[in-house]
Amino acid sequence: APSAAAPLARRLWAKISPLEPSTGKLRVLNAAMVLCMDHGLAVSTMSARVAASARADPYAAVTAALSTFDGAVHGAASIAAVSMLTETLQTGNAEQAISRQIKKTGMIPGFGHLIYRDVDPRAELLLAAMRQLPSFQGATTAADRIVAVVRARSPRPANLDLALAALAIGGEMDTDAGELIFAVSRTAGWIAHALDEYTQPAARLRPESRYTGARPASPAAARFAAP
């Protein structure tokens, strides 16, 4: 077991992978953690800021972020991508694996992003780093097959979730390891955002709502209107 003074990537690797943590593998995990650390006002980060705006303590702010982060189109997206990559590895049929995910979830996990419309540079960097290591060859080859199939039919780029799924498979980690790596890393970003929010006016993140439905003719008419 690594010492408490060991780098975070080394300590985390020991908890999530049975493989020997070579320098190359730790470099890949560390890169993934840096790439996951912060990404502007993602929904989980916004949740942390809203909690901090209400002057919730830092633990509550991170808890609020984690609750949002667990969404299927946010932090948990890499779990479905692991399933798709695993099936591709086992059968060699990327189209079938993609089709199964579309039928199951209505989307292709690991593809598309609200900000990155053409290329997700985080995915590009992480997949390139993994291609240099033999233990990740199977996972990255499966990812490349899936990317080729999707690219022929859709402009949606491979995103960070696909790369995290490949990392989990190549590292012989549990299915949800990508989500765990993402959450541990992003916690640093959430805390930074919460600390910044504490310097802003309290409750500033309180939008107003306006009723836009049909309006009754008069208060009296509304009171006696039939249900």
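In case you missed it, the structure is sitting above this.
Small disclaimer: the values here were computed from a predicted structure and weren't measured. (Residues numbered from 1 in each chain as written. Predicted model: local features only at pLDDT ≥ 70, side-chain atom pairs only at ≥ 80, totals over all residues. Heavy atoms only, no water.)

Considerations on the packing of aromatic side chains
Summed over the entire model, instances satisfying the criterion amount to two aromatic pairs. Their ring planes at 85 degrees and their centres at 5.0 Å tell us that Phe69 and Phe182 sit as a pair that is edge-to-face. Here the residue Phe69 occupies a position in helix α4 (residues 58-69), and Phe182 occupies one in helix α10 (residues 177-197), the gap between them amounting to 113 residues. By relative accessible area, which is 2% here, Phe69 ends up buried. Taken together, the aromatic side chains of Phe69, Phe182 and Trp190 make up a single cluster linked through ring pairs. (Phe/Tyr/Trp six-rings, centres within 6.5 Å; stacked < 30°, edge-to-face > 60°. Helix = DSSP H or I, 4+ residues; strand = E, 2+ residues; numbered from the N terminus. Buried < 20%, exposed > 50% of the residue type's maximum accessible area, 1.4 Å probe, protein only.)

Regarding a nonpolar patch on the surface
On the surface, a cluster of nonpolar side chains totalling about 210 Å² of accessible area is made up of Leu8, Leu180 and Val184. As for its placement among the helices and strands, Val184 is situated in helix α10. (Patch = residues over 30% accessible without salt bridge, like charges linked within 9 Å, V, L, I, M, F, W, Y side chains within 5 Å. Areas by Shrake-Rupley, 256 points an atom, 1.4 Å probe, with all protein chains shown as cover. Salt bridge = Lys/Arg side-chain N within 4 Å of Asp/Glu carboxyl O.)

Section: the nonpolar core
Residues Phe111, Leu126, Met130, Leu164, Leu167 and Ile181 are the most contacted members of the largest nonpolar core, which totals 54 residues. Leave out the neighbours within four places in its chain, and Met130 touches Val28, Phe136, Gln137, Thr140, Ala163, Ala166 and Leu167. (Core = buried A, V, L, I, M, F, W, Y, C linked by side-chain atoms within 4.5 Å. Contact = heavy atoms within 4.5 Å.)

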